[in-house]
Amino acid sequence: MYVPGLPSPASGPFPCENSTLPFWRTELHELDSYRSTKQLPKSCDVLIIGGGYAGIAAAYHLLREDESSTSPKRSVVLAEAREACSGATGRNGGHLRPSVYSRLPRYIKQYGVEAAVEVAGLEFDHVQTIAALVKKENIDCDFTLTRSFDIYTDKTEAEAAKKSYEELKAAGIAKSTIDDLIWTDAEHAEEVSGVKGCVGCFTFTAAHLWPYKLFTHLLARAVSSGLNLQTHTPILSISPSSSSEKWTASTPRGLITSSKVIIATNGYTAGLLPEYTSKIVPSKGICCRIVPSSTSTHPNLTHTYCLRLPDGGFDYLIPRHDGSIIVGGARSTFFKEHENWYNTTDDSTLIKPAEKYFDNYMQRNFLGWEESGARVDQIWTGVMGYTSDSLPSIGEVPGRDGCFIAAGFVGHGMPVIWLTMKGIAEMVKEGKSFEEVRIPRIYKTTKERLESDLDLLGPVKKG
Ligand SMILES: Cc1cc2nc3c(=O)[nH]c(=O)nc-3n(C[C@H](O)[C@H](O)[C@H](O)COP(=O)(O)OP(=O)(O)OC[C@H]3O[C@@H](n4cnc5c(N)ncnc54)[C@H](O)[C@@H]3O)c2cc1C
C-alpha cells in the first residue's frame, strides 16, 4: 500500500496511506503538512529523510544549537513521506522510560561491562536531558517527571529480577543508575503498586509526555533556525551522484542532491537501504486510550507502568492529566503468530487478535478500578523498527560515504534517540568519528552486523 498516485518504490517497506488515528494526532500542529518552499530545493548540504523523533532531533541538533555560531549555516532539508510525526513518534505510548537493570546482565554477558554501562547511562540520562530541554524551550507537552513501576506477576521471574539487581549492585555497576531502583517484595507488592497479582516490583525515575507536541514543537524550532521542511515528500531512492555533491535522492517532486544524507526512517529503512532488509524489520504495535467514567472514584495513578503479565503479556501504561490512560502492548494475544505484526508497514488497520484486549483492562489489572467504568476511547497501530540483533543501527552506512543511518529502535526509542542524534549531528557537521561522539559502541552499524546470521526474531518468525 503506497501513497496515492505515486509510483511504488522498487522494493522494500514504505509508509502506507490511511493510517489509524492516534490520540496524540487529534490536535495538529501548523507544521503537520507544511512545506517551507513550494518547490523542493534542488540541492542542500544535508538531506534528512524521515520526520519523526530521529529526523527532528537531527535537524534540531544541526541547526538550533548552531544559532550563535558565526560560521556559514548549512542548508538542511527534511523530507517526510506523510505528515510530520505520523510514524511511530506520533503513535507511541508517550513513555520516556529508561530500561536499565533488565538489559544489563545480557549486555554484560554479550558485550562486556563497559559497553553495557554505556547503554544504561545513555538511557538514564535521557530523562533529565529531555526535562531540561522541555524547560529551556518552554514546550507545552504534558511532560511529567515521575517514577515507573516494573511489575512482576510470576514468582520465578520476580526472584530472578531481584537476584540480578542485587548482583549488579554488589558489583558496583552503573552506580548512579542502579541506585535509583527501589525493589518491593511480594508481601507488599500489590499494595504498593496497586496491580492485582503483583509479586514483586521495581520503581525508578521515568517520565511521560505528549510525544507529538514535544517533537512538532522542536520541529518548529528547527524550521525557525533555517530548516527547509518538506512533508508529503517520499524519497523513492537514494544513489551516489556523479556531481561533486554526493547523493541524489529521487522523489515524485523531482531530484534533490546533497553532500550528506541522514536516514531516519526507522522501520522503513530497507526501502532506501536494501542491505538492511531482514536487519531492520517493520513491526506493528498497538496502543489505546482508556477513559474512566466521570463519576468513578478509583485510585489516582501517579506512576507509569510496565506489566509483565502471565502468558508472556508485556504492557506499558501512562496516566494522563485529563484522567485518561494510554496503554500499549497486548503482545500475549498476537505475538506468537508473526503474520499479525512482523514485516508489515500497515498502520491503517488494527491487530485483529488484540482488538478487544484493552476492554476492561483497568478493571482486570488495577485494584480499586473494578467499578471505574473505564472504556477504550481510541485505539491505533504504529510501525516500529525491530532488529535482528535487538540493537539500533547508528552511524555511517558501511560502503556509503556521507550516508548516515539512525534507525531500528526496537520499540524503545524515547530514551535513546535524542542523545544519539546529537552524536550523529556532530559526526555530520564536525566530521567526528563514531568513537568520538557519545553513542553506545554496540549501536554502531558495521559490515559485520550487516553480514551476521544472528536473528533474534527467528523463532517468532517461524511461528
Ligand atoms: C504503538 C507504539 C508504541 C510505542 N511506545 C513507545 C513508548 O512508550 N516508549 C518508547 O520509548 N518507544 C515507544 N515506541 C517506539 C518509538 O515510538 C520509536 O522508537 C520512535 O518514535 C522512533 O522514531 P523514528 O523517528 O526513528 O521513527 P518514526 O517516528 O517512525 O519516523 C520515521 C519517519 O520516516 C518516514 N519515512 C519512512 N520512509 C520514508 C521515505 N522513503 N521518504 C520519506 N519519509 C519516510 C515515516 O513516514 C516516518 O514519519 C512505540 C512505537 C509504537 C509503534
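Placed above this text is the structure.
The sections below set out a description of the structure shown in this document. All residue numbers refer to position in the chain's written sequence, counted from 1. With the structure being a predicted model, the display of local features is reserved for residues of pLDDT at least 70 and the display and counting of side-chain atom pairs for 80 or more, all residues being used for whole-chain, interface and lining totals. Hydrogens are left out, water is left out, and the side-chain values use all remaining heavy atoms of the structure.

### Points about the packing of aromatic side chains
Part 1: Geometry of aromatic contacts follows a simple scheme: Phe, Tyr and Trp rings, the Trp one being its six-membered ring, pair when their centres are within 6.5 Å, and the pair is stacked under 30 degrees between planes, edge-to-face over 60, tilted otherwise. Taken as a whole and judged by the stated rule, the model has 20 aromatic pairs.
Part 2: Relative to Trp183, the ring of Tyr152 has its centre 6.2 Å away and its plane inclined at 55 degrees; by these criteria the two rings are tilted. You can see Tyr152 sitting in strand S4 (residues 144-152) and its partner Trp183 sitting in strand S5 (residues 182-184), a full 31 residues away along the chain. Of the two residues, Tyr152 and Trp183, both sit in the buried class.
Part 3: Summarising the aromatic geometry, the rings of Trp341 and Tyr342 are spaced 5.5 Å apart at their centres and angled 80 degrees between planes, so their arrangement reads as edge-to-face.
Part 4: Owing to a relative accessible area of 10%, Tyr342 belongs among the buried residues under this scheme.
Part 5: Ring pairs connect the aromatic residues Tyr101, Tyr152, Tyr165, Trp183, Phe202 and Phe204, which therefore count as one cluster.
Part 6: Consider the ring centre and the ring normal. A charge sits over the ring if Lys NZ or Arg CZ is within 6 Å of that centre and within 35 degrees of that normal. Across from the ring centre of Phe335, 4.2 Å away, lies the NZ or CZ of Arg331, which sits over that ring.
Part 7: Positioned above the aromatic ring of Tyr357, the side-chain terminus of Arg364 is 5.3 Å from the ring centre. Helix numbers and strand numbers start at the N terminus; a helix is a DSSP run of H or I with at least 4 residues, a strand a run of E with at least 2. Relative accessible area decides the class of each residue, using a 1.4 Å probe on protein chains only: under 20% of the type maximum gives buried, over 50% gives exposed, and in between gives partly exposed.

### Some points on the nonpolar core
Part 1: Ranked by internal contacts, the top residues of the largest apolar core, which has 86 residues, are Ile130 and Ile262.
Part 2: It is helix H3 (residues 113-136) that contributes the most residues to this core, 10 residues altogether.
Part 3: Those domain boundaries reflect an automatic or database domain assignment. Here this core spans two domains, since at least three of its residues come from each of domain 1 (23-92 + 212-280 + 389-461) and domain 2 (143-207 + 282-387).
Part 4: Setting aside chain neighbours within four positions, we find Ile262 in contact with Val46, Leu47, Ile48, Ile49, Ala58, Leu62, Phe404, Met421, Ile424 and Val428.
Part 5: To define a nonpolar core, start from buried Ala, Val, Leu, Ile, Met, Phe, Trp, Tyr and Cys residues and group those joined through side-chain atoms within 4.5 Å. By size, the runner-up hydrophobic cluster in this structure holds 34 residues, among which are Phe149, Val281, Leu309 and Met362. Two residues form a contact once any of their heavy atoms are found within 4.5 Å.

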